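Fold and geometry: a report
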Amino acid sequence: MQSEKTKVHFTDDSLLNPTNPVMVNLIGAGGTGSKVLTALIEMNHSLIELGHAGLQVRLWDDDIVTEANQGRQRFAECEVGLPKAVALINRANRWSGTNWKAEVRKFERDSLGRIQENMQSAIYMSCVDNVKSRFEIADILNELKEGRRLYRNQAKYWMDFGNNRYSGQVLLSTVENIKQPDSEKYQTTSNLPYVTEEFGELLLQSETQDDTPSCSLAEALEKQDLFINSTLAQMGCSLLWNLFRNGLTENRGFFLNLKNFHSQLIKI
């Protein structure tokens, strides 16, 4: 009796040996997004040292740094009043010599319902705090997939980060079917569903929670514990790193609860 093959997803070839840096759209520059950006700086440097072309990141956020953002988010007192995306990208570029870009606006269609060319990338990482934004991202990715506007940096992956006070999850999805190699060892999987497809009802149920902006760090910590964002960011970016480093993954995400220090893998 043959044992069942392990299910895996092989990374799209265009990410493993690119001629140019892989384009990443990072959506959201708050508690999770600011920490994800730091991880992407480290990932970019490490990839380049390994002979890879690295990453080209575009950060989307229309919010301004407030005093309440200090501490839990990665902002200093001298950055209060600045656009979050600009503050973070300027710091990243100064530190690493990159030419990453800031978009001081939401990742959404323009007033005429059009998708902008700079929304095109190979990887999308969403760190947003509302359900409506996730469904808008899914809609944009579906149009990009159907349009196939550019050969380079075609939309391949969407990684979504979400959390409440003590718990959260990260889920990796494919924007289109990723061609998989023949394998005698593994059962390959070409399609990983969107978070809005697989957990759409749960997302809509969570929409009833209070999302009023916090006026102080103390108030913010009543809604999200101090280290939930940074822990999700590190673990989620580790999943992305393994796609680059190992060329495959058996896991497409995880659920995390910091209150009891428990994590549960989401297998392929």
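Residues numbered from 1 in each chain as written. Predicted model: local features only at pLDDT ≥ 70, side-chain atom pairs only at ≥ 80, totals over all residues. Heavy atoms only, no water.

The next thing to look at is the confidence of the model for the chain. When pLDDT is averaged across the chain, the result is 89; 89% of the residues are at 70 or more. When the criterion is pLDDT under 50, residues 212-219 qualifies, and its contacts beyond four places in sequence or with other chains add up to 13 contacts. (pLDDT = per-residue confidence, 0-100. Contact = heavy atoms within 4.5 Å.)

Mapped onto the elements, Glu 77 comes out in the loop between β3 (55-60) and α3 (84-96). On the basis of relative accessible area, Glu 77 is assigned to the exposed category, the value being 65%. Note: C-alpha distance between Glu 77 and Val 65 (12 residues apart in sequence) is 9.1 Å. (Helix = DSSP H or I, 4+ residues; strand = E, 2+ residues; numbered from the N terminus. Buried < 20%, exposed > 50% of the residue type's maximum accessible area, 1.4 Å probe, protein only.)

This next bit is on the side chain of Asn 118. Within the secondary structure, Asn 118 sits in the loop between β4 (101-103) and β5 (123-126). In this structure the side chain of Asn 118 is engaged in a polar contact, spanning 3.5 Å, whose partner is the side chain of Arg 105. In this structure, Asn 118 is in contact with Asn 25, Arg 58, Trp 60, Glu 103 and Arg 105, ignoring residues within four places of it in sequence. (Polar contact = N/O pair within 3.5 Å; in protein donor to acceptor, adjacent residues only side chain to side chain.)

The next thing to look at is the sheet that holds strand β11 (residues 262-267). Spatially, 8 strands are ordered β4-β3-β2-β5-β6-β7-β10-β11 in an open sheet, and the strand pairing comes out mixed. Because the sheet does not close on itself, it has two edges, and the strands there are β4 and β11. The average angle at which neighbouring strand axes cross in this sheet is 15 degrees, direction not considered. The pairing of β3 with β4 spans 3 bridges and is parallel. Bridge pairing in β4 links Leu 59 to Ala 102. Against the sheet, helix α2 (residues 33-49) touches β2 (22-27), β3, β5 and β6 (157-163), its axis set at about 170 degrees to β3. (Pairing = 2+ DSSP bridges. Axes fitted to C-alpha atoms, helices over the stretch in contact; angles between N-to-C directions.)

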